[in-house]
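Below are the chains, spelled out letter by letter.
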Amino acid sequence: MELGEIVVAERPGERQLYEEQKPRGQDLPGRSRNRIHQVFGYLTGEMKEYGEWMKNKPLMVQLVDWILRGTSQVMFVNNPLSGLIILAGIFIQSPWWMLTGCTGTTVSTLTALALSQDRSAIAAGLHGYNGILVGVLIAVFSDKGDYYWWLLPPVAVISMACPILSSALGSIFSKWDLPVFTLPFNIAVTLYLAATGHYNPFFPTTLIKPVASVPNITWSAINVPLLLQSIPVGVGQVYGCENPWTGGIFLVALLISSPLICLHAAIGSTVGMFAALSIASPFDSVYLGLHNYNCALACIAIGGMFYALTWQTHLLSLACALFCAYSGAALANALSLLGLPLCTWPFCFSALLFLLINSDDPAIYKIPLCKVTYPEANRIYYLRMKGRASERRMEDQKQKEQKPSSNSEISTGGTPLCTPKKCQNISMESSVDVKIETKGERKPIKQNPLTKAGKRVCRAVGYITGDMKEFGAWLKDKPLMIQFIDWVLRGISQGMFVNNPLSGLIVVAGFLVQNPWWTLTGCLGTVVSTLTALILGQDRSAIAAGLYGYNGVLVGLLMAIFSAKGDYHWWLLLPVALVSMTCPVFTSALGSVFCKWDLPVFTLPFNLALTLYLAASGPHNLFFPTTVIQPATATPNVTWTDAEMPMLLQSIPVGVGQVYGCNNPWTGGIFLIALFISSPLICLHAAIGSAVGMLAALSLATPFSKIYSGLWGYNSSLSCVAIGGMFYAFTWQTHLLAIACALFSAYLGATVTNMLSVLGVPSGTWSFCLSALTFLLITTNNSAIYKLPLSKVTYPEANRAYYLKMKQHQRSCCEV
């Protein structure tokens, strides 16, 4: 029996007999208990009955209900009583903040009415919660203090923008059935604070400065009661409130509507507190709950609100809260350079990312947005859907069992020559090579022994080149551990678009030549990311092809390279493992977005993960300091007569090696050998791309030391490989397009490097991703520029064979 179903007795007499047998002493307590449950039912959840009762009341009375629901919707609660309690908590913090917050939510709700937005969404408070955040946070960040009455006009004007942003973002996010969360508030407040700033004469804001030195932390000075107090304070900081009593009142408001929301809010806040301690954040900011509130929201969103609550999604919510804490540290450091606060950007980024995950695990069930209410009701809906699905499976199984009994025998009584399943396997492709000959027609052909030996050699070479498909098929029935090693090696080589375990092994040998410590961190990264993909129930064929491992190896290598602690800092393995775990999440989420255009995710997961880690830690971190990256401040002194031709030529293999962060020319040469074994075309385009990057660097008068170290070659190399036969079929037109993409990637790399150096972050492979995605989005009527379907992409030689086969098929269709 499914939860939420109503059981109806078929014989009313049985109910009466049961009631007569019950002692009268138990009748009154049972009735009173039922009444108490009924009264609680009216106050908990989303108070649906109260909402129905309000529908025929005057608009002003309904507006009060909508405002209260909008107040509580910040914490995913659609309950006017909870909204009233939250307003009481904000009043305890500051009556002025409560006034500006109420002004914001009232104006945003009225604006939504004026714009004729969906009335049910307005009644649920979905156009009010961003308004109250705008009102409260504008007052919080005002440098004029409380009761500065001229602040109310900008509060009203900015709040009017929230329904517009909600409607616009909703139109975009509906493509993926995603909520807009607090993005309208983030955009509106960030624009307001950036427009006014600290030195505005009318509406000055508080001054926010970036971290300039290593914080002085004494661990013996930690105050455990204040740490525990930071949990409710972190919940209160969702509304910008630092009073622990206010945070406690907010938790009571959540408990009234949904105990699960209250639980996950407290858990998320606790996770944020521990994450802050793990990166040696100053105790003052930890006590104020500034690291907790985004985690609390993220934990609620994933833990039962938009995913049905199971133990798997509960663990996923903890992972999301942890990711939110670290990404919040990164965004806080980045935004502080612009003098802007963090707001709830990390929560929006983290929750949307985790909601975009595609999983084959039925326990990770994303609720359709139109069915989302509150966690307890969401779980009942999930169980009901699960029961219906199991009933359908049982019916299908019964139908399959019945079919063989009726169709297995032919009416004539004869035995069929083949079963229907075997007959279906006979296709046109398999019948092409079949020839019917008589005994007299076939003549014996004498083959030269050298020809036979040549064929055997070609066949043997075919087993180790390309994507080693036969080896992968042979491994399918082997133990999982042996298969896993194959997946890891393929993941290592996939950094250069090569799906070949032998190439992966050779690449690992190149790592050892460069640095054994980097080899360890890189292998750890790809192992952890592959395991995480398995745990998340990702597509097994993609895992087997190494598509969930290559971002992990890049993360492991580059984190070791940019560590200021040098080699064999063993504590670095912990963040390497944690950051590598995010790569499959990024891959799955970005794949959900990019599948609309049939595009690969490339190394975007690596770029996002590494950039967030380096921005979160930085050179002043106590535990994991990174190398200092500074922008150019003077014109480089370039003397053209100092250019060394051997070093310029050497920069070509070095540029290929820099794809994995290696600057040893021997390592780069080993990588080229690994590419050549799998695909000579990939090897050729990798070298051409690196050479194009070197020439582009010379054209911009780049210092020779950067050119010699291959820093201008690796993005161009990857771009040239991607376009020159990997995702486009190889023709002379796409070959020229690949060279153009490599040149574009080199110049774009210079732009990205200069921009990110201001934030103290390396350029990674951002320019390759942006360039390759731009060139793959080109539409053309030229049949020679043929973009392969992503499901058919293997390696350039096989891709060209597929293209020629499709071209021949098209010609034959046209002739017919």
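Given the structure is predicted, the values throughout are model-derived calculations rather than measurements.

1. Section: a nonpolar patch on the surface
On the surface, Leu-337, Leu-338, Val-758 and Leu-759 cluster together into a nonpolar patch covering about 380 Å² of accessible area. Position of Leu-337 relative to the elements: it lies in the loop between α16 (311-336) and α17 (345-355).

2. Section: the packing of helix α24 (residues 501-514) against helix α31 (residues 665-678)
The axes of two packed helices give the description: the angle between them and the distance between them. As a packed pair, α24 and α31 sit with axes 9 Å apart at the nearest point and diverge in direction by 180°. The angle between α24 and α31 places the two elements in the roughly antiparallel class. Judged by residue contacts, Leu-502, Ser-503, Ile-506, Val-507, Gly-510, Phe-511, Val-513 and Gln-514 of α24 engage Trp-666, Thr-667, Ile-670, Phe-671, Ala-674, Ile-677 and Ser-678 from α31. Counted by class, the contact of α24 with α31 contains ten nonpolar, five polar and no charged residues.

3. Here we look at the environment of Val-528
With respect to the helices and strands, the residue Val-528 is situated in helix α25 (residues 516-535). Taking relative accessible area as the criterion, Val-528 reaches 14% and is therefore assigned buried. Along the chain, Val-528 and Thr-582 lie 54 residues apart, while their C-alpha atoms are 9.7 Å from each other. Apart from the residues within four sequence positions on either side, Val-528 is in contact with Ala-577, Ser-580 and Met-581.

4. Notes on the packing of helix α29 (residues 604-617) against helix α36 (residues 766-776)
Between α29 and α36, the shortest axis-to-axis distance is 9 Å and the interhelical angle comes to 145°. In this structure, α29 meets α36 at a crossing whose hand is left-handed. The residues of α36 that touch α29, namely those facing Leu-604, Asn-607, Leu-608 and Thr-611, are Trp-766, Cys-769 and Leu-773. Residues belonging to the contact of α29 with α36 are distributed by class as follows: five nonpolar, two polar and no charged.

5. Digging into α36
In an α-helix, one turn spans 3.6 residues, which is why side chains three or four residues apart end up on the same side. Burial analysis of α36 places nine of its eleven residues in the buried class, the great majority of the element. For α36, every residue scored as buried is listed here: Trp-766, Ser-767, Phe-768, Cys-769, Ser-771, Ala-772, Leu-773, Phe-775 and Leu-776. Those residues of α36 that are buried lie in contact with α28 (573-594), α29, α34 (714-726) and α35 (732-758).

6. What to know about unusual backbone geometry
The backbone of Tyr-147 shows a phi angle near 55°, a positive value even though the residue is not glycine. Here Tyr-147 is to be found in the loop between α8 (129-140) and α9 (152-173). Given the relative accessible area of 44%, Tyr-147 is considered partly exposed. Residues other than glycine seldom take positive phi values, yet Met-468 does so here, at roughly 45°. Structurally, Met-468 can be placed in the loop between α21 (449-464) and α22 (469-475).

7. Comments concerning the nonpolar core
By size, the foremost hydrophobic cluster in this structure holds 184 residues, and its most contacted members are Phe-181, Tyr-239, Phe-347, Phe-602 and Tyr-660. Those residues within four positions of Phe-347 in sequence are excluded, and the remaining contacts are Phe-76, Phe-181, Thr-182, Asn-294, Leu-297, Ala-298, Ala-301 and Cys-324. Listed in part, the twelve residues of the second largest apolar core include Leu-648, Ile-652, Leu-698 and Phe-704.

8. Some details on the side chain of Glu-46
Position of Glu-46 among the secondary structure elements: in the loop between α2 (24-43) and α3 (48-54). An unpaired buried charge is present at Glu-46: no salt bridge exists, and Lys-48, the closest side chain of opposite charge, is 4.9 Å distant. Sequence-distant contacts of Glu-46, that is, excluding residues within four places in its chain, are made with Arg-69, Asn-78, Thr-373 and Tyr-374.

9. Quick word on the pattern of salt bridges
Summed over the entire model, instances satisfying the criterion amount to six salt bridges. With its nearest N and O atoms 3.0 Å apart, the salt bridge here joins Asp-486 to Arg-490. Placement of the pair is Asp-486 and Arg-490 together in helix α23 (residues 480-493), with a separation of four residues, close to one helical turn. Since its relative accessible area comes to 6%, Asp-486 is described here as buried. Look at Arg-490 and you get buried, because its relative accessible area is 4%. Of the charged contacts, one joins Asp-598 and Lys-787 as a salt bridge, the two residues approaching to 4.0 Å between their closest N and O atoms. Residue Asp-598 is located in the loop between α28 and α29, and its partner Lys-787 is located in the loop between α36 and α37 (796-815); the two are separated by 189 residues in the primary sequence.

10. Re helix α5 (residues 80-93)
Under the 1.5 Å per step criterion, the end-to-end length of α5 is 20 Å for 14 residues, consistent within 8% with the ideal 20 Å. Taken residue by residue, α5 has Pro-80, Ser-82, Gly-83, Ile-85, Ile-86, Leu-87, Gly-89, Ile-90 and Gln-93 as its buried positions. Residues of α5 that are buried sit in contact with α3, α4 (59-72), α6 (95-114), α8 and α12 (244-257). A distance of 2.9 Å separates the backbone nitrogen of Leu-81 from a side-chain oxygen at the start of α5, and that oxygen is part of Asn-79.

11. Considerations on the packing of aromatic side chains
Applying the stated criterion across every chain yields a total of 38 aromatic pairs. Here Phe-511 and Tyr-660 contribute two aromatic rings whose centre-to-centre distance is 5.2 Å and whose plane-to-plane angle is 65°, an arrangement assigned as edge-to-face. Taken together, the positions of Phe-511 in helix α24 and Tyr-660 in the loop between α30 (645-657) and α31 put the pair 149 residues apart, joining distant regions of the chain. Of the two residues, Phe-511 and Tyr-660, neither departs from the other in class, the shared state being buried.

Each value, and the rule that gives it
Residues numbered from 1 in each chain as written. Predicted model: local features only at pLDDT ≥ 70, side-chain atom pairs only at ≥ 80, totals over all residues. Heavy atoms only, no water. Patch = residues over 30% accessible without salt bridge, like charges linked within 9 Å, V, L, I, M, F, W, Y side chains within 5 Å. Areas by Shrake-Rupley, 256 points an atom, 1.4 Å probe, with all protein chains shown as cover. Salt bridge = Lys/Arg side-chain N within 4 Å of Asp/Glu carboxyl O. Helix = DSSP H or I, 4+ residues; strand = E, 2+ residues; numbered from the N terminus. Axes fitted to C-alpha atoms, helices over the stretch in contact; angles between N-to-C directions. Parallel < 35°, antiparallel > 145°, perpendicular 65-115°, else oblique. Contact = heavy atoms within 4.5 Å. Nonpolar A, V, L, I, M, F, W, Y, C, P; charged D, E, K, R; others polar. Buried < 20%, exposed > 50% of the residue type's maximum accessible area, 1.4 Å probe, protein only. Left-handed = near helix turned anticlockwise from the far one by under 90°. Core = buried A, V, L, I, M, F, W, Y, C linked by side-chain atoms within 4.5 Å. Lys, Arg positive; Asp, Glu negative; His and termini not counted. Expected span 1.5 Å × (residues − 1). Polar contact = N/O pair within 3.5 Å; in protein donor to acceptor, adjacent residues only side chain to side chain. Phe/Tyr/Trp six-rings, centres within 6.5 Å; stacked < 30°, edge-to-face > 60°.

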